[in-house]
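Here are the chains, one letter per residue:
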Amino acid sequence: MSEEKYLTFALGKGRLADKTMELFESIGIFCPEMKDKKSRKLIFTNEEKKLRFFLAKGPDVPAYVENGAADIGVVGEDTLIEEDRNLYKVLDLEFGKCTMCVCGFEKSRELLQHHEFIRVASKYPRIARDYFENVKHQTVDIVKLNGSVELAPIVGLSDVIVDIVETGSTLRENGLTVLEEIRPLSARMVVNQVSMQLQNERILDIIERLKEKI
Ligand code: PRP
């Protein structure tokens with residue numbers, strides 16, 4: 001019998017990875033090695049089931065999957081839209097729910113109403129540009145940041161930000177508010193296009209079993 005190939009999963013580090021493993025465990029996909037929170041290891045194997053898992057920065061997950069370094073990925077829809085990669089988006093996992101929003105000081109609300117030229121800071125320049133250019137028809141200057149985006153309007157780097165809002169506490173604790181909602185988001189499972197053909201049965205079986213649990 002030919003040796004079974006490993007099925008490799010790329011997971012976005014942090015909250016999504018924990019929730020993903022909880023869901024996967026409910027259908028018998030598990031990796032005891034990953035439970036050690038103190039470990040700095042990046043790749044984990046379940047030899048018995050021929051499964052491999054690695055943890056990557058969320059925005060890097062689509063690249064790993066598109067290029068076939070991982071067969072399956074789990075990542076926020078925000079990242080998928082921003083990265084715009086060639087992948088199969090197979091499942092809404094219905095967790096990691098949040099909303100992409102334009103946020104800022106309440107007094108900045110009027111800047112969004114008269115097509116004024118404004119500066120927008122975001123970890124999501126593609127999403128921000130698309131929203132302002134194609135939905136609002138407002139000319140903006142986008143500043144790409146890599147985190148703690150809420151700082152930008154506070155220190156005067158931008159007029160508003162485009163960012164994900166989950167509980168709203170980061171905004172509240174920094175005196176900011178949601179000014180406009182762009183779209184709801186959740187965690188998604190994605191599959192490499194070649195893997196979908198070569199490991200079709202195995203991957204479809206996982207998708208079907210996950211659907212029953214969601
Ligand atoms: C995300 C996001 C907001 C915050 C929203 O940042 O960019 O800052 O979470 O969550 P909340 O509505 O529950 O407060 P993240 O924690 O990923 O850190 P980062 O700013 O360093 O990217």
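Residues numbered from 1 in each chain as written. Predicted model: local features only at pLDDT ≥ 70, side-chain atom pairs only at ≥ 80, totals over all residues. Heavy atoms only, no water.

**Here we look at the overall build of the chain**
When its secondary structure is counted, the chain shows eight helices and 11 strands. Along the three orthogonal principal directions, the C-alpha set of the chain runs to about 70 × 35 × 30 Å. Counting only contacts in the chain whose residues sit at least 6 apart along the sequence, the fraction spanning at least 24 positions is 67%. Computing the positive centroid from 31 side-chain charges and the negative centroid from 36, the chain places the two 3 Å apart. (Helix = DSSP H or I, 4+ residues; strand = E, 2+ residues; numbered from the N terminus. Contact = heavy atoms within 4.5 Å. Lys, Arg positive; Asp, Glu negative; His and termini not counted. Charge placed at Lys NZ, Arg CZ, Asp CG, Glu CD.)

**Looking at the domain arrangement of the chain**
Per the domain assignment, the segments making up the chain are domain 1 (7-96 + 186-213) and domain 2 (98-184). Each of domain 1 and domain 2 has a C-alpha centre, and these two points are 30 Å apart. Across the interface of domain 1 and domain 2, roughly 810 Å² is buried in total on both sides, 44% from carbon and sulfur atoms. Counting the surface domain 1 buries against domain 2, the share from its top three residues, Asp78, Ile81 and Glu82, is 62%. Where domain 1 packs against domain 2, one counts three salt bridges. Between domain 1 and domain 2 we count six residue pairs in polar contact (both at pLDDT 80 or more) in total. The dominant element in the side of domain 1 that touches domain 2, judged by the number of residues it contributes, is helix α3 (residues 77-83), at six residues. Among the residues forming the side of domain 1 that touches domain 2, the class breakdown is one nonpolar, two polar and six charged. (Domains from an automatic or database assignment. Buried area = accessible area lost by both parts, 1.4 Å probe. Salt bridge = Lys/Arg side-chain N within 4 Å of Asp/Glu carboxyl O. Polar contact = N/O pair within 3.5 Å; in protein donor to acceptor, adjacent residues only side chain to side chain. Nonpolar A, V, L, I, M, F, W, Y, C, P; charged D, E, K, R; others polar.)

**Observations regarding the site of the ligand**
Surveying the vicinity of the ligand reveals 13 residues, the closest of which are Lys123, Glu150, Asp163, Thr167 and Thr170. Here an oxygen atom of the ligand sits 2.8 Å away from a polar atom, N or O, in the main chain of Glu166. In the complex, the protein chains occlude 72% of the 500 Å² of accessible area that the ligand would expose alone. Given that more than half its atoms are within 2 Å of the pocket grid, the ligand belongs to the largest pocket. Looking at the shell around the ligand, the elements that each hand over two or more residues are β9 (160-165) and α6 (169-173). Here the shell around the ligand takes three residues from β9, the largest share from any one element. (Near = heavy atom within 4 Å. Areas by Shrake-Rupley, 256 points an atom, 1.4 Å probe, with all protein chains shown as cover. 1 Å grid on protein atoms, 1.4 Å probe; cavity = no way out; pocket = protein on both sides within 12 Å on 5 of 7 lines; lining within 4 Å. Sits in = over half its atoms within 2 Å of the grid points.)

**Re the packing of aromatic side chains**
Scanning the entire structure with this criterion turns up four aromatic pairs. Put simply, the rings of Phe9, Phe24 and Phe53 touch in pairs and so form one group of aromatic residues. Above the plane of the ring of Tyr6 lies Arg52, whose end atom (NZ or CZ) is 6.0 Å from the centre. (Phe/Tyr/Trp six-rings, centres within 6.5 Å; stacked < 30°, edge-to-face > 60°. Lys NZ or Arg CZ within 6 Å of the ring centre and 35° of its normal.)

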